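Reading the structure
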Amino acid sequence: MTYLLEARELRKQYADKLALRGLNLQIAPGEIFCLLGQNGAGKSTTINLFLGFIQPTSGTAFVNGLDVAANPLEIKKHLAYIPENVLLYPHLSGLENLALFSSLAGFKYSESELLNYLTDAGLPAEAVRRRVGTYSKGMRQKVGIAIAVAKHAKVLLLDEPTSGLDPKASNEFSELLHRLSGQGTAVLMATHDIFRAKEVGTRVGIMREGELVDVRPTAALNAQELEQLYLNYMH
Ligand SMILES: Nc1ncnc2c1ncn2[C@@H]1O[C@H](COP(=O)(O)OP(=O)(O)OP(=O)(O)O)[C@@H](O)[C@H]1O
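Reading the values: rules and limits
- Counting restarts for each chain, with residues numbered from 1 along the sequence as it is written.
- Where local features are concerned, this predicted model is filtered to residues with pLDDT of at least 70; where side-chain atom pairs are given and counted, the filter is 80 or more; whole-chain, interface and lining totals use all residues.
- As a convention, hydrogens and water are excluded, and side-chain values are obtained from all of the structure's heavy atoms.
- Definition used in this section: a nonpolar core is a set of buried Ala, Val, Leu, Ile, Met, Phe, Trp, Tyr and Cys residues joined via side-chain atoms within 4.5 Å.
- Burial classes: relative accessible area under 20% of the type maximum marks a residue as buried, over 50% as exposed, and values in between as partly exposed (1.4 Å probe, protein chains only).
- Each helix corresponds to a stretch of at least 4 residues labelled H or I by DSSP, and each strand to a stretch of at least 2 residues labelled E; elements are numbered beginning at the N terminus.
- Only heavy atoms matter for contacts: two residues are in contact if any of them lie within 4.5 Å across the pair.
- Two strands are counted as paired when DSSP detects at least two bridges linking them.
- Structural elements are reduced to axes, namely lines fitted to C-alpha atoms, with helices fitted over the stretch in contact, and the angle between N-to-C directions of any two is expressed from 0 to 180 degrees.
- UniProt positions are given in the numbering used here, feature names are shortened, and annotations may be inferred rather than shown by experiment.
- Two rings from Phe, Tyr or Trp (for Trp, the six-membered ring) form a pair when their centres are within 6.5 Å of each other. A pair whose planes differ by under 30 degrees is stacked, one over 60 is edge-to-face, and the rest are tilted.

An unreviewed UniProt entry lists the protein under the name ABC transporter ATP-binding protein, from Hymenobacter endophyticus.

Below is the structure:
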């Protein structure tokens, strides 16, 4: 099987900090893998290596079977990145942002198709023509998801996507992820939210000091057991 995301002995040394110590990870289509770990554990470094934002010191990150370092442009077609604060053009509407980003990815849609993507992602109809500068964080996340779906991204990389969202928005976000994973999208999500990880993830991985110290299928744990497991590793 071709994994949509794979890390082989991935290492990242910053000037004076070994941030990732030989990560091995495989994420299949339809999986939602949640990375848990304290501040500084190496979660964002992992995501940034898959995005090609930074270069590995050694080892390889693969997206859809392609070495990220050797195919920096090609892999971007397969990826959508949703950070805590989705970066959009604030002076453009949600509709205009979606039109712009999907055309940059090579897709031209009619207005009604664009509207469908936005409403499917849960953006209220009243907001679609409003400037993004007036949107809440949850609304920007929804535009981010609409962009991911419109560009047919096979992989979603999420860094703290639900941090600061209210419970309803966070729950809607989880439902969207479930829907996308049902269609075969692979998701890697860094989060501090153990409850959300248990609820949305198919597997959770616990990172400590640049190492993946435990990986579990979420179905095998309840939220309390997961919290206990996490805390045990943090001592
Ligand atoms: N550009 C950089 N230069 C030097 N050190 C860095 C750099 N980026 C990250 N680090 C260090 O690498 C380690 C891993 O950082 P990383 O951001 O991956 O952690 P994280 O698990 O995402 O943390 P958080 O939960 O706070 O986002 C930390 O010790 C951090 O200080």
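Having seen the model, we can carry on.
**Looking at the nonpolar core**
One broad rule of soluble globular proteins: the nonpolar side chains tend to lie buried together. Judged by nonpolar contacts, the single largest core of 45 residues is most densely connected at Leu98, Leu118, Leu123, Ile145, Leu156, Leu158 and Leu177. At seven residues, helix 5 (residues 137-150) tops the list of elements feeding residues into this core. Setting aside residues up to four positions removed in sequence, Leu156 forms contacts with Ala80, Ile82, Ile145, Ala148, Leu177, Leu180, Thr185, Ala186, Val187 and Leu188. The next biggest cluster of nonpolar side chains, apart from the first, holds 27 residues, and it includes Ala7, Leu10, Ala61 and Leu188.

**A few points about the sheet that holds strand 5 (residues 66-67)**
Taking strand neighbours across the sheet as the criterion, the four strands line up as 2-1-4-5 in an open arrangement whose pairing is antiparallel. Edge strands, defined here as strands with exactly one partner in the open sheet, are strand 2 (17-27) and strand 5. Sheet topology note: the strand 1 (residues 5-14)/strand 4 (residues 58-63) ladder contains five bridges and is antiparallel. In the strand pairing of strand 4, Arg8 is matched with Thr60. Packed onto the sheet, helix 1 (residues 43-51) meets strand 1, strand 2 and strand 4 and runs at close to 115° relative to strand 1.

**Structural notes on the UniProt feature "domain: ABC transporter" (unreviewed entry) in the protein**
Under the feature "domain: ABC transporter" (unreviewed entry), the UniProt entry names residues 5-234. Split by type, residues 5-234 is 37% helix and 27% strand. Its first and last C-alpha atoms lie 26 Å apart.

**Structural notes on the pairing of strand 4**
Bridging between strand 4 and strand 5 involves two bridges; their strand directions are antiparallel. Opposite Val63, over in strand 5, you have Leu66 as the bridge partner. Between the antiparallel neighbours strand 4 and strand 5 lie two residues, among them Asn64 with a positive phi of about 50°.

**A closer look at the packing of aromatic side chains**
One pass over the structure, following the stated rule, counts four aromatic pairs. When the centroid spacing of 6.0 Å and the interplanar angle of 5° are considered together, the rings of Phe107 and Tyr109 count as stacked. Ring plane angle 65° and centroid distance 5.0 Å describe the contact between Tyr109 and Tyr117, whose orientation is recorded as edge-to-face. Put simply, the rings of Phe107, Tyr109 and Tyr117 pair up and form one aromatic cluster.

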